[in-house]
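Structural characterization, general
Now for the letters of each chain:
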Amino acid sequence: MARLTGKNAIITGGARGIGAAIVRLFTAQGANVTVADVLDEEGAALADELGPTARYQRLDVTDPAQWRAAVEAADQAHGPVSLLVNNAGILAVGPITDQTPESFRHVVDVNLYGAWLGLHTTAPSLRRAGGGVVINISSTAGLMGYADLGAYTASKWGLRGLTKSAALELAADHVRVCSIHPGPIRTPMTAGMDDSLAARQPIARYGTPEEVAAMALFIAADATYSTGCEFVVDGGATTGSVILTTMSTGEA
Ligand code: NAD
């Protein structure tokens, strides 16, 4: 049975990677989906492939006017928005001493300010829908620190905090707000990273976009008593260290 029939979803960064997997799953589950991205060709091709319940909308998440246009268009097409996935994100790698102020601000603009703008602009529509769900795609970098990812880590911790404030503010309107914290997932964002990144995790492989999408569906459709929560999809990467265990058994 379809789990999201009649829902109206906006998924930012929906043209590829994790966002595209969420677009595909939510569409298959009966939702009307706005694929919102700056990759016009890929986003439009995905929407065309999925048929009339999916539509592409150009949306640079850092632009308030584009957000207003996107929410209005989604509303006109399918009624008030009941699902928002703030998934658009970018990465900049390098030590804090080398990163330029412009680069820092750009990462925080897309990953944090873009999600804030999404909440800010979509909240009235979610209220008119009588409630809904917002899913913010943070990261394990929103749960711990990463060297050489200062801006990214700051933005993803910020997104985790924003999730909690929004959950408190919107609960009375029956809007749940949760964050997902993926570990290493094979997408265009991680295309240049080798397999060793995941090799020491309990589940020693990269995750798939579909595994993150499955968590998004669970939050959207099943997790009716969860708000302000962190849902981790990381192959156990943030579970802890095995160093003491190996020391006590005498292993190297
Ligand atoms: P990706 O690069 O494949 O996809 C990101 C999408 O966001 C792209 O379609 C891109 O065009 C879009 N985007 C970028 N800037 C935008 C903007 N200003 N406005 C609208 N769209 C914009 O990356 P992904 O791996 O699918 O990442 C999706 C989300 O998951 C990101 O927030 C990322 O930080 C997070 N995440 C990814 C991983 C991973 O290992 N891949 C791990 C943890 C968290």
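Details of the structure are given in the entry above.
Our subject in this report is the structure included herewith. Fair warning: this is a prediction, and the values are worked out from it, not measured in the lab.

1. Considering helix H1 (residues 17-28)
With twelve residues, H1 extends 17 Å between its outermost C-alpha atoms, agreeing within 8% with the 16 Å of an ideal straight helix rising 1.5 Å per residue. Looking only at H1, the buried set comprises Ile18, Gly19, Ala20, Ala21, Ile22, Val23, Phe26 and Thr27. Phi turns positive one or two residues past the end of H1, at Gly30, with a value near 100°.

2. Brief notes about the nonpolar core
By size, the foremost hydrophobic cluster in this structure holds 34 residues, and its most contacted members are Ile22, Phe26, Val33, Ile135, Ile180 and Ile219. Counting residues per element, this core draws most heavily on helix H6 (residues 209-221), at seven residues. Contacts of Phe26, omitting those with residues within four sequence positions, involve Leu4, Ala9, Ile11, Ala31, Val33, Leu83, Val85, Ala216, Leu217 and Ala220. Membership of the second largest hydrophobic core comes to 25 residues, among which are Val61, Ala115, Leu119 and Val134.

3. Topic: the sheet that holds strand S4 (residues 83-86)
Spatially, S3-S2-S1-S4-S5-S6-S7 is the arrangement adopted by the seven strands of the open sheet, whose pairing is parallel. The sheet is open, and its two borders are formed by strand S3 (54-58) and strand S7 (230-233), each paired with just one other strand. Taking each pair of neighbouring strands and ignoring which way they run, the sheet shows an average axis angle of 20°. Where strand S1 (residues 8-12) lies against S4, three bridges are found, and the strand directions are parallel.

4. Some thoughts on the packing of H1 against H6
Relative orientation of the contacting elements H1 and H6 amounts to 50°, with a least axis distance of 8 Å. Viewed along their axes, H1 and H6 adopt a mutual orientation that is oblique. Where H1 crosses over H6, the handedness of that crossing is right-handed. For the pair H1 and H6, the contacting residues are Gly17, Ile18, Ala21, Ile22, Leu25 and Phe26 in the first and Pro209, Glu210, Val212, Ala213, Ala214, Ala216, Leu217 and Ala220 in the second. Per-class residue counts for the contact of H1 with H6 are twelve nonpolar, one polar and one charged.

5. A short note on unusual backbone geometry
Not every positive phi belongs to a glycine, and Asp148 is a case in point at roughly 70°. For Asp148, the position within the fold is in the loop between strand S5 (132-137) and helix H5 (150-170). When its relative accessible area of 38% is taken as the criterion, Asp148 is described as partly exposed. The residue His174 is not glycine, and still its phi comes out positive at about 65°.

6. Concerning the side chain of Ser139
With respect to the helices and strands, the residue Ser139 is situated in the loop between S5 and H5. Among the polar contacts made by the side chain of Ser139, one reaches the main-chain amide nitrogen of Ala141 at a distance of 2.8 Å. Leave out the neighbours within four places in its chain, and Ser139 touches Tyr152, Lys156, Ile180, His181 and Pro182.

7. Things to note about the packing of H1 against helix H2 (residues 40-50)
When two helices pack together, their arrangement is given by the angle between their axes and by how far apart the axes lie. Direction vectors running N to C along H1 and H2 enclose 20°, while the axes themselves pass 11 Å from each other. The orientation of H1 relative to H2 falls into the category roughly parallel. Helix-helix and strand crossings are classified by hand; for H1 and H2 the assignment is right-handed. When H1 is examined against H2, the residues Ala20, Val23, Arg24 and Thr27 are found in contact with a partner set consisting of Leu46, Glu49 and Leu50. Residue composition of the contact of H1 with H2, grouped by class: four nonpolar, one polar and two charged.

What counts, and where the lines are drawn
- Residues numbered from 1 in each chain as written.
- Predicted model: local features only at pLDDT ≥ 70, side-chain atom pairs only at ≥ 80, totals over all residues.
- Heavy atoms only, no water.
- Helix = DSSP H or I, 4+ residues; strand = E, 2+ residues; numbered from the N terminus.
- Expected span 1.5 Å × (residues − 1).
- Buried < 20%, exposed > 50% of the residue type's maximum accessible area, 1.4 Å probe, protein only.
- Core = buried A, V, L, I, M, F, W, Y, C linked by side-chain atoms within 4.5 Å.
- Contact = heavy atoms within 4.5 Å.
- Pairing = 2+ DSSP bridges.
- Axes fitted to C-alpha atoms, helices over the stretch in contact; angles between N-to-C directions.
- Parallel < 35°, antiparallel > 145°, perpendicular 65-115°, else oblique.
- Left-handed = near helix turned anticlockwise from the far one by under 90°.
- Nonpolar A, V, L, I, M, F, W, Y, C, P; charged D, E, K, R; others polar.
- Polar contact = N/O pair within 3.5 Å; in protein donor to acceptor, adjacent residues only side chain to side chain.

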